[in-house]
Amino acid sequence: MEVLMRRRRLVAGLVGLALAGATLTGTAGADERLVAYAQRAAGQRVVYSYPGLTPPESLLARIRAGEAAGVIFFGENIASRAQISGVVGQLRAAAAQSPDPYPLLLMTDQEGGLVRRLPGEPALSHKDIGQSADPGSAATAAGRGAGQNLAGVGMNVNLAPVLDVFHAPGDLMDSYERSFSGTASVAGTLGADYVTAEQAVGVAATVKHFPGLGKANADENTDTRPVTLNVPLSTLRGVDEAPYQRAIAAGAKLVMLSWAVYPALDAGRPAGLSATVVRELRSRTGFTGVTCTDALEAGALRDYGSTGDRAVLAAQAGDDLVLASARDVSQGAAAADALAGALTDGTLDSGAFGEALARVNALRASLG
């Protein structure tokens, strides 16, 4: 009886998650309904990926069950605009069969320059924009071009722009021309211009990588290994975090957390696994939108256990969405299953879980 009561209290804490038909009544079958409820709630905080050009049945089944927030696309998923548009239609058709009333988040990295998954706009890199004759107009054109390009194939989220502030020639961001400027105010202004233009055509912008990867050297790539950035707190706040103020004031709907460790804020964990860093983001910028992780399979997390372990740690830290971007549906399934288990056994607070999912669902509802 005590276990049942604890579980029913958990369900009460989940009320308001906007999961159609998921409420529990009576006692018969309560455990089974709780498990199903938690599985759907957990899945709706995971963005899946898949290999090749055709989404597998395992992904479509998760979507039809209402157990997915969305899908992230990579170059290997895209042969042409017509092909990926057809895939998007297939995913949307699966979602229409689910009990989940919200549209999928369908996203990619379309920054411009070297980092583009779709052919076409924006052609200019962030560095090109910052060095152009009229950077503000160039940033606006790039944001509009990225948004129109994605919207044209049915996608609704861009994992761009990058707000990392340029530090030194040849550093990590400079190597890929992913920084607008070495001046925080300029990076923030151009980022805000990009965000405004992109969202004006119906594609949600994601600013990244909070609190900033601008100080990372060329070999300090969180995709491949753990990285610690020993940046003084005054510099983090006065330089690296500063562009986020402008972009968030412009209405950026998502913020991606960095996988680097910032000892000035939290010496123990990467930013995306640190509740301290997530609080820093929300308290200092007033951000009320959706937080998301970088790639869950990143080398920076090699000391943080399995996919499920990482997903639970990210949720505990305050990340609303986890990106399972290894091009393997089983990775996303492992993340969702771990979140569901942590929710039902009380490892994850049901109230905080519900607030996170409410933010995700509000974003999805806003994208139509």
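Just so it is clear, the model here is predicted, and its values are computed rather than measured.

Conventions we followed
- Residues numbered from 1 in each chain as written.
- Predicted model: local features only at pLDDT ≥ 70, side-chain atom pairs only at ≥ 80, totals over all residues.
- Heavy atoms only, no water.
- Core = buried A, V, L, I, M, F, W, Y, C linked by side-chain atoms within 4.5 Å.
- Buried < 20%, exposed > 50% of the residue type's maximum accessible area, 1.4 Å probe, protein only.
- Helix = DSSP H or I, 4+ residues; strand = E, 2+ residues; numbered from the N terminus.
- Arc of directions from axis to C-beta.
- Contact = heavy atoms within 4.5 Å.
- Phe/Tyr/Trp six-rings, centres within 6.5 Å; stacked < 30°, edge-to-face > 60°.
- pLDDT = per-residue confidence, 0-100.
- Pairing = 2+ DSSP bridges.

Digging into the nonpolar core
Part 1 of the reasoning: Counting 68 residues, the largest nonpolar core has Ile-63, Phe-73, Ile-84, Leu-91, Met-155 and Leu-321 as the members making the most contacts within it.
Part 2 of the reasoning: Looking at this core element by element, the count peaks at seven residues for helix α13 (residues 329-344).
Part 3 of the reasoning: With 28 residues, the next largest nonpolar core counts Leu-163, Leu-229, Ala-252 and Leu-281 among its residues.

Brief notes about helix α10 (residues 242-249)
Part 1 of the reasoning: When we look at burial in α10, the residues that qualify are Pro-243, Tyr-244, Ala-247 and Ile-248. Down the axis of α10, the buried set is contained in an arc of 125 degrees. They therefore lie on one face.
Part 2 of the reasoning: Looking at the buried positions of α10, the neighbouring elements they touch are α8 (184-200), β7 (204-210), α9 (233-240), β8 (254-257) and α11 (275-285).
Part 3 of the reasoning: Gly-251 occupies a position one or two residues after α10 and carries a positive phi of about 105 degrees.

What about the packing of aromatic side chains?
The geometry of an aromatic ring pair is captured by two quantities: the separation of the ring centres and the angle between the planes.
Part 1 of the reasoning: Evaluation of the coordinates by the stated rule reveals three aromatic pairs.
Part 2 of the reasoning: Aromatic pair Tyr-50 and Phe-73: ring centres 6.3 Å apart, planes at 90 degrees, arrangement edge-to-face. Taken together, the residues Tyr-50 in the loop between β1 (46-48) and α3 (57-64) and Phe-73 in the loop between β2 (70-72) and α4 (81-96) connect sequence positions 23 residues apart.
Part 3 of the reasoning: Seen in terms of ring centroids, Phe-210 and Tyr-244 are 5.0 Å apart; in terms of plane orientation they differ by 85 degrees. Their pairing is edge-to-face. Taken together, the positions of Phe-210 in strand β7 and Tyr-244 in helix α10 put the pair 34 residues apart, joining distant regions of the chain.

Overview of the confidence of the model for the chain
Part 1 of the reasoning: Here the chain shows a mean pLDDT of 92. Residues at 70 or above account for 92%.
Part 2 of the reasoning: Low pLDDT, under 50, characterises residues 1-9; the stretch is placed with ten contacts to residues that sit more than four places away or in other chains.
Part 3 of the reasoning: Confidence drops under a pLDDT of 50 for residues 15-28, and excluding neighbours within four residues, the segment shows 30 contacts in the predicted structure.

Some details on the sheet that holds β7
Part 1 of the reasoning: Reading around the circumference, β1-β2-β3-β6-β7-β8-β11-β12 is the order of the eight strands in this closed barrel, with parallel pairing throughout.
Part 2 of the reasoning: As defined by bridge partners, β1 adjoins β2 across two bridges and the pair is classed as parallel. Considered in β2, the bridge of Val-47 is made with Gly-70.

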